Amino acid sequence: MAISLSKGQKVDLTKTNPGLSKVVVGLGWDTNKYDGGKDFDLDASVFCVNAAGKVASESDFIFYNNSKNANGSVVHNGDNRTGAGDGDDEQVSVDLTNIPAEIDKIAFCITIHDAVARAQNFGQVSNAYVRILNEGTGAELIRFDLGEDFSIETGVVIGELYRNNGEWKFSAIGSGYKDGLAGLARDYGLQTS
């Protein structure tokens, strides 16, 4: 039975699941029925950050154009450009035992591609969630449903895996960014042009 979290809650992942080494992080969403004339393209992205909360290099920013970090312990499993269908829209595989020691936290984000040009924001998105699955069994361990409390935001940090005393925990974040991917990249230490 999965643990369902509320915004701000934290839960043990590896301590309560002894032997767990590989997980799949599933992210999903729906767009509200409205006629804005333009298709929605939401994207999952991942920032592997150090103790200072920053990425050490561009290889620690994982998304559809950079599908894995330097040692392959975090892998983006492909871009879903339409969000059509049931289940997870995008997934990220994480090998917890091989995450480089300098990585303190892995932040999972959802952004709206080309949001400003398309006049789109998270006020038009519903049923967004993140869930953690045991890669070996497929069992859902943790789930966080984002809720509908966004309006002008074009990017969201939905949750984070982080180290704590040698174990991995998950934190339900739900923090919105009105400047989308550019704001996320800036805050996580990537230079944006």
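Along each chain, residue indices are assigned from 1 in the same order as the chain's sequence is written. Where totals are concerned, whole chains, interfaces and linings use all residues; where local detail is concerned, this predicted model gives features only for residues with pLDDT of at least 70, and gives and counts side-chain atom pairs only at 80 or more. Excluding hydrogens and water, the side-chain values take into account all heavy atoms of the structure.

K.L.:
What am I meant to see in the sheet that holds strand β12 (residues 167-177) here?
P.N.:
Within a sheet, each strand pairs with its neighbour through backbone hydrogen bonds, oriented either parallel or antiparallel. Read from one edge to the other, the open sheet built from six strands follows the order β2-β12-β11-β8-β4-β5, with strand pairing classed as antiparallel. Every interior strand has two partners, whereas the edge strands, β2 (10-12) and β5 (61-62), have only one. DSSP-based pairing: two strands are paired if at least 2 bridges between them are found. Numbering goes from the N terminus for both helices and strands, where a helix is a DSSP run of H or I of at least four residues and a strand is a run of E of at least two.

K.L.:
Honestly, helix α2 (residues 180-187) in this entry has me stumped. Any pointers?
P.N.:
An α-helix turns once every 3.6 residues. As a result, residues three or four positions apart point the same way. Of the positions making up α2, those classed as buried are Gly-180, Gly-183, Leu-184 and Ala-185. At its buried positions, α2 is contacted by β4 (42-49), β8 (105-112), β11 (155-164) and β12. Phi turns positive, to about 95°, at Gly-189, one or two residues after α2. Buried means the residue's accessible area, taken with a 1.4 Å probe over protein chains only, is under 20% of the maximum for its type, while exposed means over 50%, and partly exposed covers the values in between. The contact rule is simple, with two residues in contact once any of their heavy atoms fall within 4.5 Å.

K.L.:
Hey, could you run me through the pairing of strand β3 (residues 22-31) in this one?
P.N.:
On any regular strand, side chains alternate: one points to one face of the sheet, the next to the other face. With seven of 10 residues buried, β3 lies mostly within the body of the structure. As paired elements, β3 and strand β7 (residues 90-95) share six bridges and run antiparallel to each other. For Gly-26, the partnering residue across the bridge sits in β7 and is Gln-91.

K.L.:
Looking at this model, I keep getting lost on the layout of surface pockets. Mind explaining?
P.N.:
Left-over empty space is what a probe sized like a water molecule reveals as it rolls over the atoms. Think of a 1 Å grid over just the protein atoms. A cavity is a set of points where a 1.4 Å probe fits yet cannot get out, a pocket is an open set with protein on both sides within 12 Å along at least five of seven lines, and lining residues have an atom within 4 Å of a point. Grid points are joined across faces, edges and corners, and a volume is the space filled by probe spheres set on the points. Taken as a whole, the second largest pocket spans an internal volume of roughly 250 Å³. Taken together, 16 residues form the lining of the second largest pocket, with Thr-111, Ile-112, His-113, Asp-114 and Leu-181 sitting closest to its centre. Secondary-structure elements contributing two or more residues to the lining of the second largest pocket are β4, β8, α1 (115-118) and α2. Take the lining of the second largest pocket: its biggest share by element is three residues, from α1. Of the residues contributing to the lining of the second largest pocket, the split by class is seven nonpolar, five polar and four charged. In this count, Pro and Cys sit with the nonpolar residues alongside Ala, Val, Leu, Ile, Met, Phe, Trp and Tyr, while Asp, Glu, Lys and Arg are called charged and the others, Gly among them, polar.

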